[in-house]
Amino acid sequence: MRLLVLLLLAGAVLAQAPSTQAPSNAAPGLKSIGTMSEVMVRIIFPTSNEIFYVARNENKTEKDWEDLRNNAVMLAEAANLLMADNRAKDKDRWMKDATLLRNVGDKAFKAAKVKDLEGLKALNDELYEACQSCHEHYRPGYRRKL
Ligand code: HEC
């Protein structure tokens, strides 16, 4: 019994040894959790839909406005996610395309904060262009549907 305990303790020490010797200068940093496709489908698609279809209900409750504000800021910040080093496909066109999305998300957030329904409706084309521009450049197999 005592031997078993000793062995277990020794095992624990041995198991710990590598991590105590591992270099501790590996700084925490960005790490993708979702694929690009998952970020699109699970974050950008649903949040942008709330802006695209903002006109389907003209009589918004306080909760509707709160949801719009949430979705707008998530969309705008998701554009920042796209620009992060672990996701950006390059430092030029990709960043410009992602900036289009962040700008329109920023405008949507500001409009939602002051409950400006007409302002939100007016962002429809700009939002569509932001998605379209990046997809034309970077989405595999994307065809312009015109
Ligand atoms: C800065 C670039 C960029 C912007 C802006 C962008 N996308 Fe994407 N999107 C991509 C890329 C790259 C893919 C292909 C991902 C893959 O298949 O790996 C994609 C794919 C998608 C897909 C398909 C995902 C799948 O696998 O089925 C959807 C849906 C989508 N985007 C929605 C949107 C919407 C809606 C917007 C605008 C509100 C938008 N995206 C803006 C880069 C972008």
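Data block above holds the structure.
The structure presented is a predicted model; accordingly, all values stated were derived computationally and were not measured. (Residues numbered from 1 in each chain as written. Predicted model: local features only at pLDDT ≥ 70, side-chain atom pairs only at ≥ 80, totals over all residues. Heavy atoms only, no water.)

Let's talk about the site of the ligand
- The environment of the ligand is formed by 19 residues, the closest being Ser 37, Met 40, Cys 131, Cys 134 and His 135.
- Here an oxygen atom of the ligand sits 2.6 Å away from a polar atom, N or O, in the side chain of Ser 37.
- In the environment of the ligand, a nitrogen atom lies 2.7 Å from a nitrogen or oxygen atom belonging to the side chain of His 135.
- Elements represented by at least two residues in the shell around the ligand include exactly α2 (36-52), α4 (93-113) and α6 (124-138). (Near = heavy atom within 4 Å. Polar contact = N/O pair within 3.5 Å; in protein donor to acceptor, adjacent residues only side chain to side chain. Helix = DSSP H or I, 4+ residues; strand = E, 2+ residues; numbered from the N terminus.)

A few points about the coordination of the iron atom of the ligand
- Around the iron atom of the ligand, the protein supplies Met 40 (SD) and His 135 (NE2) as donor atoms, at distances of 2.0 to 2.3 Å.
- Relative accessible area serves as the criterion here: at 23%, Met 40 is assigned to the partly exposed category.
- Assessed through its relative accessible area of 17%, His 135 is described here as buried. (Donors = N, O, S within 2.8 Å, 3.2 Å for Na, K, Ca; no water. Buried < 20%, exposed > 50% of the residue type's maximum accessible area, 1.4 Å probe, protein only.)

So, the side chain of Arg 69
- Note on placement: Arg 69 falls in helix α3 (residues 62-83).
- Setting aside residues up to four positions removed in sequence, Arg 69 forms contacts with Glu 62, Phe 109, Ala 112, Lys 113 and Lys 115. (Contact = heavy atoms within 4.5 Å.)

Points about the nonpolar core
- The biggest cluster of nonpolar side chains holds 28 residues, and the ones touching the most others in it are Ile 44, Ile 51, Leu 68, Leu 82, Leu 101, Leu 120 and Leu 127.
- Secondary-structure elements contributing two or more residues to this core are α2, α3, α4, α5 (117-121) and α6.
- The contacts of Leu 120, once residues within four sequence positions are left out, are Ile 51, Val 54, Trp 65, Leu 68, Ala 108, Ala 111 and Ala 112. (Core = buried A, V, L, I, M, F, W, Y, C linked by side-chain atoms within 4.5 Å.)

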